[in-house]
Amino acid sequence: MELEIRIRKNLKEFTLKADFVIHDGCTGLMGPSGSGKSMTLKCIAGIETPDEGRILLDGKSLFDSGKKINLPPQKRKIGYLFQGYALFPNMTVEENVQCGLKAKKMPKGQIKERVEEMLERFQIRELAKRYPRQLSGGQKQRTAIARLMAYEPEVILLDEPLSALDEELREELQQELSQMLADFQKPSILVSHDAEEVRRLCQKQYTIREGRIQPYADFPQKKGRL
Ligand SMILES: Nc1ncnc2c1ncn2[C@@H]1O[C@H](COP(=O)(O)OP(=O)(O)OP(=O)(O)O)[C@@H](O)[C@H]1O
């Protein structure tokens, strides 16, 4: 698949200018605090709207200011993994996994089937009736990933998913993320402050500074099409 991003958005301090194309595999996006990383992801997901430009997924417009196209987030098939995972605290694991499918208006029987499949695949079936506060960091991550994958996204955006964790758990969850991304195979973008994390999980890297995105020339190229 191919995700093409060509957007401009005026922010308080600078203008975000993103012009890049990614293919299957994980692309890292690194840059200082406040440089526009989260804003770039939010524009791709449809949570924020660029002032102008276009975003195409396999040639299909998700956003096109010229053609006045601006698909809402639920129609973009983009999975967003937030920092801290953003699980709903008043919902059980099972309810968290199914909530996106209800919003998508999937038939009840199909929702049940899909949720079962995700609980099984991410080994959280025994935790189905627990609330997020009753989960370990790893279990929370698996629940968040199950919720994301239940939605069958075509693109995954990961916004510093591991930044709030201590080093030991971080290592462990990096392994799980790495496996998930390898299985996913479609395009994904990982925003991170950690160069080592990007080197481990991504095949390509971009840097962003004051809203300008550029390929990181020194990044070691790995196998996979990007
Ligand atoms: N809704 C908004 N409208 C206008 N400007 C915004 C909006 N949200 C954030 N900004 C500004 O855009 C800039 C980029 O913010 P962004 O959250 O993308 O940074 P970031 O690179 O993700 O930073 P961090 O690593 O600290 O999370 C900041 O200067 C921020 O103040």
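Residues numbered from 1 in each chain as written. Predicted model: local features only at pLDDT ≥ 70, side-chain atom pairs only at ≥ 80, totals over all residues.

Asks: Teacher, can you tell me more about the overall build of the chain here?
Replies: Broken down by element type, the chain carries six helices and eleven strands. The proportion of buried residues among the 226 residues of the chain is 38%. For the chain, contacts bridging at least 24 residues in sequence account for 68% of all contacts bridging at least 6. (Helix = DSSP H or I, 4+ residues; strand = E, 2+ residues; numbered from the N terminus. Buried ≥ 20, exposed ≤ 12 C-beta atoms within 10 Å, placed from the backbone. Contact = placed C-beta atoms within 7 Å.)

Asks: Is there a simple way to explain the pairing of strand E11 (residues 212–215) in this structure?
Replies: Here is the key point about a regular strand: its side chains alternate between the two faces of the sheet. In this sheet, E11 lies alongside strand E10 (residues 204–209) in antiparallel orientation, the contact comprising four bridges. Residue pairing in the sheet places Arg-209 in a bridge with Arg-212 of E11. Counting the residues between successive antiparallel strands, the hairpin from E10 to E11 contains two residues, one of them, Glu-210, with a positive phi of roughly 45 degrees. (Pairing = 2+ DSSP bridges.)

Asks: What am I meant to see in the packing of helix H4 (residues 137–150) against helix H5 (residues 167–184) here?
Replies: A pair of packed helices is characterised by two quantities: the angle between their axes and the separation of those axes. Running from amino to carboxyl end, H4 crosses H5 at an angle of 20 degrees, the nearest separation of the two axes being 10 Å. Regarding the angle of H4 to H5, the classification is roughly parallel. Classified by chirality, the crossing of H5 by H4 is right-handed. Here Gly-137, Gly-138, Gln-141 and Ile-145 of H4 come into contact with H5, specifically with Leu-169, Glu-172, Leu-173, Glu-176 and Met-180. Counted by class, the contact of H4 with H5 contains four nonpolar, three polar and two charged residues. (Axes fitted to C-alpha atoms, helices over the stretch in contact; angles between N-to-C directions. Parallel < 35°, antiparallel > 145°, perpendicular 65-115°, else oblique. Left-handed = near helix turned anticlockwise from the far one by under 90°. Nonpolar A, V, L, I, M, F, W, Y, C, P; charged D, E, K, R; others polar.)

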